[in-house]
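Residues per chain, in single letters:
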Amino acid sequence: MATATAASSADSDTECSVCHELFKNPKLLPCAHVLCRHCLLSWLASNPEALCPLCRGAIADPKEKSKTKGWEEVVDALPDDVAMAALVESTRVLSQDHVCVGCKSAAVSICLNCNDMMCQACSDLHTKFSVSSHHKVEDLSSMTAEELAASQPDHCSVHTSKPCELFCPTHGAAICHLCASAKHRACPDLTKLAEAADKSREELSQMVTSLLTEEQQLEEAVAALERHLEATEKVVQEAVAEIDMTCDKLENSVKEFRRRLKEMTLDAKAKVKDTVLTVKVTLLDHRGRLTSHRRVVNRTTRGSTNKGMCDVTRALRDRVKDILDTCGQRRAHLKAVSMFTLIIDAAAVSRIEKELSELGQVKISPASVGPVQSLGWRFHTNHGKNIVLSNDGLTAERVRGGRNGIVVADQPMVPDVLYEIRIDQLDPRYSSCYLPCGVVLTDPDHLRLPDTACSGWGREAVVISGAVFNRGHTVNNNLNKATLDLSEGTRVGVMVTTKAELHLWVNGSDRGVIATIVPTPCFAFFELRGRYQQVSVLPPTHPS
């Protein structure tokens, strides 16, 4: 592992992201991250997929292991970060107590050849001794680790007491004169090390210029994407307004059609009813006249003399005939009765439905800024069985008590973006409890959801609850009560930084680092349990 951690003034870039100590035998990965050789071997032993723990970039092809004796040969094939090693050594030297190596009094200067700190008197003597008169001594108070590392003399790796003065392009090595006459006699084009360094410095300068130019272009591209998102939000607002206006217009037309059709139906009903009632009154009048004459005829038949019967018969004959003729017209009256029929053109309805489906479309086409991520985030459809989603996946409600209340984001987390929810409703039947949250490392499309996040995921997640469970290991920190007894309206969120650190946020306040070396991609999750009944998604933000 690495040596003891440097003082607080040391540059954090000299610390390994795995062991958090000063680098020892730093190795430069293909992704440009740096790890201790031993840390890298330990990481590869437990993570055979051979991905960088910081960015998940490929360290090596796992198949390369089978072609060699093991990961050691793969790691040793990676270049040593000699600049980092020199910087670490300089940091170690400067972090020591500033005590004179000779008289143990306060040191004021340092010898760049010996790396010894000296007081003023010892420094004066040091420059007078013949063996060290050529040494370079500098003021200690203004010396930085970078300056100390850059000013170190170049010694031959074979003849360690000899300075490197030549460079062999064939072997890419800095050598001394003994190596040049012994091992590099046949090598052509040996040059002075200073000249080779000047060429390297020029090449490195060009690299920096190219990298800086590309970095600026990427920053401009990111800024363009931000502007594109703002423009997209404006377009969305305008589109939603147009959708509402169009649908309101269509809805008003449908309402008017419904009103008019109902009005026509009621008018038809009134006409049919009036006709029926008129015919009914006419027929009832005829029936009354028939009944009256039938009674007269029955009475005459039963109680009249022959003369009286003849007189009545002569008087009623024409009248009854007229009545019967009139009543015989009832068929004509009944034919005057009608019934209305509602006719709705099914083909026209189908045609309108088809036209409505084709009335508006949302088309996504390439933009000049390139592809961008979809607006916002939602809860994934893979959720706990006691969860019901609404509001197009933006709201989650726990409909039954107990467990099975996990909800997961539908998209991977973007570095330095806060994924946040708001507590909308509490269940008064429950009292004190935590709101578990964190990140899962498996795509929710293929994620197995446990009953509870605190004990069912193991190495698949980082869980923040009554304790912090980092991929199966319990971590002790002072954040274990940050999600306890939250009230309605509280905002809770998680964020993974570009340094692969997981942060917890509560009500817009960063509560600190929960875990480090968080692999990507990862997905935010929250668990509704106990008193937490309903939560809603908040738009992702980029905290300053």
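Conventions we followed
Residues numbered from 1 in each chain as written. Predicted model: local features only at pLDDT ≥ 70, side-chain atom pairs only at ≥ 80, totals over all residues. Heavy atoms only, no water. Helix = DSSP H or I, 4+ residues; strand = E, 2+ residues; numbered from the N terminus. Rg over C-alpha atoms; globule rule 2.2 N^0.38 Å. Buried < 20%, exposed > 50% of the residue type's maximum accessible area, 1.4 Å probe, protein only. Contact = heavy atoms within 4.5 Å. Pairing = 2+ DSSP bridges. Salt bridge = Lys/Arg side-chain N within 4 Å of Asp/Glu carboxyl O. Expected span 1.5 Å × (residues − 1). Phe/Tyr/Trp six-rings, centres within 6.5 Å; stacked < 30°, edge-to-face > 60°. Lys NZ or Arg CZ within 6 Å of the ring centre and 35° of its normal. Axes fitted to C-alpha atoms, helices over the stretch in contact; angles between N-to-C directions. Patch = residues over 30% accessible without salt bridge, like charges linked within 9 Å, V, L, I, M, F, W, Y side chains within 5 Å. Areas by Shrake-Rupley, 256 points an atom, 1.4 Å probe, with all protein chains shown as cover. pLDDT = per-residue confidence, 0-100.

### Brief notes about the overall build of the chain
- Scanning the chain from N- to C-terminus turns up 12 helices and 21 strands.
- A compact globule built from 544 residues should have a C-alpha radius of gyration of about 24 Å, whereas the chain, at 46 Å, is more than 25% larger.
- With respect to the three principal axes, the spread of C-alpha positions in the chain is 180 × 55 × 45 Å.
- Per-residue burial over the chain gives 31% buried out of 544 residues.
- Restricting to contacts in the chain with at least 6 residues of sequence separation, those with at least 24 account for 57%.

### So, the pairing of strand S19 (residues 509-515)
- Alignment of strand S18 (residues 502-506) against S19, held across 5 bridges, turns out to be antiparallel. Among the inter-strand pairings, histidine 503 is bridged to a residue of S19, identified as valine 513.
- Between the antiparallel neighbours S18 and S19 lie 2 residues, among them asparagine 507 with a positive phi of about 55 degrees.

### Let's talk about the pattern of salt bridges
- Under the counting rule described, the total for this entry stands at 17 salt bridges.
- For glutamate 251, the salt bridge goes to lysine 255, with nearest N and O atoms at 3.6 Å. Placement of both glutamate 251 and lysine 255 in helix H8 (residues 193-303) is noted, with a separation of 4 residues, approximately one turn of the helix.
- The exposure class of glutamate 251 is partly exposed, given its relative accessible area of 40%.
- Taking relative accessible area as the criterion, lysine 255 reaches 47% and is therefore assigned partly exposed.
- Here glutamate 420 and arginine 491 are joined by a salt bridge, their closest N and O atoms 3.2 Å apart. Note that glutamate 420 is positioned in strand S12 (residues 419-426) and arginine 491 in strand S17 (residues 491-496), a separation of 71 residues in sequence.
- The class of glutamate 420 is buried, set by a relative accessible area of 6%.
- Taken together, the salt bridges that share partners define one network made up of Arg37, Glu72 and Asp76.

### Some remarks on the environment of alanine 224
- Along the chain, the position of alanine 224 falls in helix H8.
- Once the C-alpha coordinates of alanine 224 and alanine 107 are considered, the two residues, 117 residues apart in sequence, prove to be 53 Å apart.

### Some points on helix H4 (residues 82-95)
- Along its 14 residues, H4 runs 20 Å from first to last C-alpha, staying within 8% of the 20 Å computed at 1.5 Å per residue.
- Here H4 has its buried residues at Met84, Leu87, Val88, Ser90, Thr91, Val93 and Leu94.
- On its buried face, H4 sits against strand S1 (26-28), strand S2 (34-36), strand S3 (109-111), strand S4 (117-118) and helix H6 (145-150).

### Concerning the packing of aromatic side chains
- Per the stated rule, a full pass over the model turns up 2 aromatic pairs.
- Between the aromatic rings of tryptophan 377 and phenylalanine 379, the centroid separation amounts to 5.8 Å while the plane-to-plane angle is 85 degrees, which identifies the pairing as edge-to-face.
- The exposure class of phenylalanine 379 is buried, given its relative accessible area of 4%.
- Geometrically, the ring pair formed by tryptophan 377 and tyrosine 419 is edge-to-face, given 5.8 Å between the ring centres and 65 degrees between the ring planes. With a gap of 42 residues between them, tryptophan 377 in the loop between helix H11 (346-357) and strand S9 (387-390) and tyrosine 419 in strand S12 connect regions that are remote in the sequence. Neither tryptophan 377 nor tyrosine 419 differs from the other in exposure class; each is buried.
- One aromatic cluster in this structure is built from Trp377, Phe379 and Tyr419.
- When the ring centre of tyrosine 430 is taken as origin, the NZ or CZ atom of arginine 398, which lies over that ring, is 5.6 Å away.

### Digging into the sheet that holds strand S15 (residues 468-470)
- With antiparallel pairing, the 6 strands of this open sheet are ordered in space as S11-S20-S13-S14-S15-S16. Bordering the open sheet on either side are strand S11 (406-408) and strand S16 (473-475), each of which pairs with just one other strand. Averaged over all adjacent pairs, the angle separating strand axes in this sheet is 25 degrees, with direction ignored.
- Bridging between S11 and strand S20 (residues 523-527) involves 3 bridges; their strand directions are antiparallel. Counted as the bridge partner of valine 407 is phenylalanine 526 from S20.

### Comments concerning a nonpolar patch on the surface
- Together, Leu250, Ile352, Leu356 and Leu359 give the surface a local cluster of nonpolar side chains, amounting to about 340 Å² of exposed area.
- With respect to the helices and strands, the residue leucine 250 is situated in helix H8.
- On the accessibility criterion, leucine 250 (31% relative accessible area) is partly exposed.

### Focus on the environment of proline 444
- Tracing the sequence through the fold places proline 444 in the loop between strand S13 (437-440) and helix H12 (453-456).
- According to the relative accessible area criterion, proline 444 is buried, its value standing at 1%.
- For the pair formed by proline 444 and asparagine 382, sequence separation is 62 residues and the distance between their alpha carbons is 6.5 Å.
- Every residue in contact with proline 444, bar those within four places of it in the chain, is listed here: His380, Asn382, Val408, Ala409 and Phe523.

### Description of unusual backbone geometry
- One non-glycine residue with positive phi stands out, namely asparagine 25, at about 55 degrees.
- Considering the arrangement of structural elements, one finds asparagine 25 in the segment before S1.
- In the Ramachandran plot, alanine 50 falls in the positive-phi region, its phi being about 60 degrees despite a non-glycine side chain.
- Its location among the elements puts alanine 50 in the loop between helix H1 (37-46) and helix H2 (62-67).

### Observations concerning the sheet that holds strand S8 (residues 191-192)
- As summarised here, the arrangement of the 3 strands in space is S7-S6-S8, forming an open sheet in which the pairing is antiparallel. Edge positions in the sheet fall to strand S7 (173-175) and S8, since each of these pairs with one other strand and no more.
- Relative to S8, strand S6 (residues 166-168) runs antiparallel, the two being bridged by 2 bridges. Residue pairing in the sheet places phenylalanine 167 in a bridge with threonine 191 of S8.

### Some details on the confidence of the model for the chain
- Scored by pLDDT, the chain comes out at a mean of 82, with 92% of its residues at no less than 70.
- Contacts from residues 1-11, a stretch scored under 50 in pLDDT, to residues over four places away or in other chains number 23 contacts.
- Throughout residues 365-375 the model reports pLDDT below 50, and contacts reaching past four residues in sequence, or to other chains, amount to 15 contacts.

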